[in-house]
Structures are given as structure tokens and as C-alpha cells.
Amino acid sequence: MGLVLQFVPYSEIEELGPARRVNKLLDIAKQNKIVLLEGRLKKEEEKDLIEITMEEVSNKFKGIELAVINPQKKDQGILKGVKSGMINLLLGDRQGFTIIGPATIVKQIKKDPDKIELFTKDIKNKKKK
Amino acid sequence: MVVNLIKKFINKVLRNIFKNKKKVKLGLYGPPNGGKTTLANRICQDWLGEDMGSVSNVAHETREIQIKEQVTIKSKDGKELSFNLVDTPGIATKIDYEDFIKAGMKEKEAKTRAKEATKGVIDSIKWLDDMDTVVIVLDSTKDPYSQVNITIIGNLQARDIPVLIIANKIDLKKSKIKKVQAAFPQYEVIGISGKYGKNMDKFYEGLFALIN
């Protein structure tokens, strides 16, 4: 079976409560699919995701690899700062994206601020985004 | 936004009130094998003359919360700082019992360790809210941009809990303190070797600055 990436638009989780959001994403990962979420979870929800993942770890499900790409830029001038503040206010958690991969498939997600490297267990070639 | 600011202010006021009534809980947090227990042992050896827990090269050696009550450290100018030191199991997003088998364990032992390790992670996360101050212990030879690190620090920041970041294992050639500093520019990062006690004076100064 090939590598399956499931895109989840933010609108699909927007109306859900924190627990249902986390469970929805985790359920996809447990089906051995890599979740590509538009936007990001709240910090509290990320913490819950780790906690719930640990509760679900078994001999078959080994956990997840998680990475969040946030478009925040450092050292921006006042004008750009105000502009990005406005964008933050309007878009909130819709900005950036989140990758959640089952640990049985994703060996490691290496993240530099502007680059993500996803190393898979079954596929020897590494994929760069 | 305003509600958040009010919440943070109330949290800070409450924390300061209770800080005077009870011992400060100082938590050691971070990913597995960062050197939390080695640092805890170093602190306890320096000020109490005894160890706190066992250390190992195999990840998830600490699988239960360990507390050393009433640790008192002294500054060069004679000030004292007392806290309850809380050593926590390393926080991870995955635990594979086969990794423990690769490290030389038998299958049954590896599965038990994996089960205990998952519980340890859950306990660490649950205790996060109870901490007054947190020292994040990172292995400075490893990639600091791990999402676990960012998630822990983000949650502490949201609760307005003071954080000090330790870039541990500076005795190793691969150690890159600057990379840790670049990853968390808004925090003070102190490079130490918990194993050899290098830069511990700077670490204690950092604690005084953070808690007082």
C-alpha cells in the first residue's frame, strides 16, 4: 500500500470541541494515514493530542509524529508587525499547517523554521516539502 | 484578548500569593534522554549530598514522577531559595516497545517498559499545570525544533509559568547551544553538563533570577 496523505480543511474541525477535534485527527492517523491539517491546533489541544495518543498506544499503534508549521516571521518592522497582527486576528488558527503521521509509517519529521523533512519507515527515499 | 490578559494577571497574582505559603514546585521537563534525572541528581548531590533517581542510556528510564522535597540552594551573596524538585518522565509522542528490544531487553520486559512509559508521559502532562516554575532540559546535540518541545513551552507560556531552558550535554562534541538559543530566542538558554557539573553555577544563578 502506498503512502496516504489525508488533507483536512480547517472548516472540518472548526465547529468541533477540543476533544472531538483531537479524536478526529487521531482516528485518521490510526488508520495509517498521514494527516495534513490546514491550520493548527491550539497549544492546549496539542497537549491533549499527545496525552490521548499515549492513552491509545498499543503493540500495533506506536504513537504519532507531529509537526506544526507556523508562518510567523521574526524581526519584522512595525508596519509588517501590525499587518501580521491583523492577519492573525482574522485568520487565527487557520494559518500554517499541521502534519500528524502514525509512528509506524513516519520515522521522523525534521523541522527547520522554513522547511520540513518527512522521513518514512517503509519508503527509503525521503520526501521534502 | 482582554479576557486572556485578565486571566494571566489573576494567575500571576494567585501564584505569587501561594508561592509565599507553600514550597515552590520546580519541574524538570523535556523529551526522553535529555538528562533530566542526571540534572536532578546533580542538584541533589550539590545541596543534599544524595541522588534522586537512576539514569540510563535507554530512553524512558524515569517512568514515574519523582519529588525531592525542600531542596535549598544558596547564591554567592548569601540568598537562599527553597523548592520541591519534581523530576518528570520524558514527554514523547511515540513509544515503541521494539526500540527497547533493540536496546537489549526481552520482549516481555520491553512491553512492560513501554506501557509504564506511556503512563509516565500522561502523568508528566497532567502535572504540568501544578508547576510553579519549569526547567526544560534539552539534549543540545539533538534537534531542538521538535514539536514536543514547542508544545510544552507553548503551554507553559499560555499559563504564564516561568521557564528556563537548559541546553544539556555541552561536554559532547556535537553539542550546539546556539541552535537551541535560535529555536527559543524569547527564553534564557543556559548550556550545562549535568553529568560533569559544568556551568552549574550559571544554572543556579538562572534559577535565582527566574524564581525571585
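Residues numbered from 1 in each chain as written. Chains lettered and ligands numbered in written order. Predicted model: local features only at pLDDT ≥ 70, side-chain atom pairs only at ≥ 80, totals over all residues. Heavy atoms only, no water.

(A) Inspection of the packing of aromatic side chains at higher detail. In this structure the tally under the stated criterion is two aromatic pairs over all chains. Summarising the aromatic geometry, the rings of B:Trp47 and B:Tyr204 are spaced 5.3 Å apart at their centres and angled 85° between planes, so their arrangement reads as edge-to-face. In this pair, B:Trp47 sits in helix H2 (residues 36-47) while B:Tyr204 sits in helix H7 (residues 200-211), placing the two residues 157 residues apart along the sequence. In this structure B:Tyr204 comes out as buried when scored by relative accessible area, which is 8%. Site record: aromatic cluster; members linked through ring pairs are B:Trp47, B:Phe203 and B:Tyr204. Across from the ring centre of A:Phe61, 5.9 Å away, lies the NZ or CZ of A:Lys30, which sits over that ring. (Phe/Tyr/Trp six-rings, centres within 6.5 Å; stacked < 30°, edge-to-face > 60°. Helix = DSSP H or I, 4+ residues; strand = E, 2+ residues; numbered from the N terminus. Buried < 20%, exposed > 50% of the residue type's maximum accessible area, 1.4 Å probe, protein only. Lys NZ or Arg CZ within 6 Å of the ring centre and 35° of its normal.)

(B) Fine view of the packing of helix H3 (residues 43-56) of chain A against helix H4 (residues 107-127) of chain B. Interhelical geometry of H3(A) versus H4(B) gives an angle of 155° and a closest axis separation of 8 Å. Classified by the interaxial angle, the pair formed by H3(A) and H4(B) is roughly antiparallel. Helix-helix and strand crossings are classified by hand; for H3(A) and H4(B) the assignment is left-handed. Touching A:Lys47, A:Ile50, A:Glu51, A:Met54 and A:Glu55 of H3(A) are B:Thr118, B:Val121, B:Ile122, B:Ile125 and B:Lys126, all from H4(B). Residue classes in the contact of H3(A) with H4(B) are distributed as five nonpolar, one polar and four charged. (Axes fitted to C-alpha atoms, helices over the stretch in contact; angles between N-to-C directions. Parallel < 35°, antiparallel > 145°, perpendicular 65-115°, else oblique. Left-handed = near helix turned anticlockwise from the far one by under 90°. Contact = heavy atoms within 4.5 Å. Nonpolar A, V, L, I, M, F, W, Y, C, P; charged D, E, K, R; others polar.)

(C) Region of the structure containing helix H5 (residues 147-158) of chain B. Residues and elements named next belong to chain B. Spanning 12 residues, H5 covers 16 Å between terminal C-alpha atoms, matching the ideal 16 Å at 1.5 Å per step. In terms of residue burial, H5 counts as a mostly covered element, since nine of its 12 residues are buried. Buried within H5 are the following residues: Gln147, Val148, Asn149, Thr151, Ile152, Ile153, Gly154, Asn155 and Leu156. Positive backbone phi, approximately 60°, marks Asp160, located one or two places after H5. (Expected span 1.5 Å × (residues − 1).)

(D) Quick look at a nonpolar patch on the surface. Residue and element names in this part refer to chain B. There is a patch of nonpolar side chains on the surface, built from Ile6, Phe9 and Ile10 and spanning about 320 Å² of accessible area. Secondary-structure assignment places Ile10 in helix H1 (residues 2-21). Judged by its relative accessible area of 43%, Ile10 falls in the partly exposed class. (Patch = residues over 30% accessible without salt bridge, like charges linked within 9 Å, V, L, I, M, F, W, Y side chains within 5 Å. Areas by Shrake-Rupley, 256 points an atom, 1.4 Å probe, with all protein chains shown as cover. Salt bridge = Lys/Arg side-chain N within 4 Å of Asp/Glu carboxyl O.)

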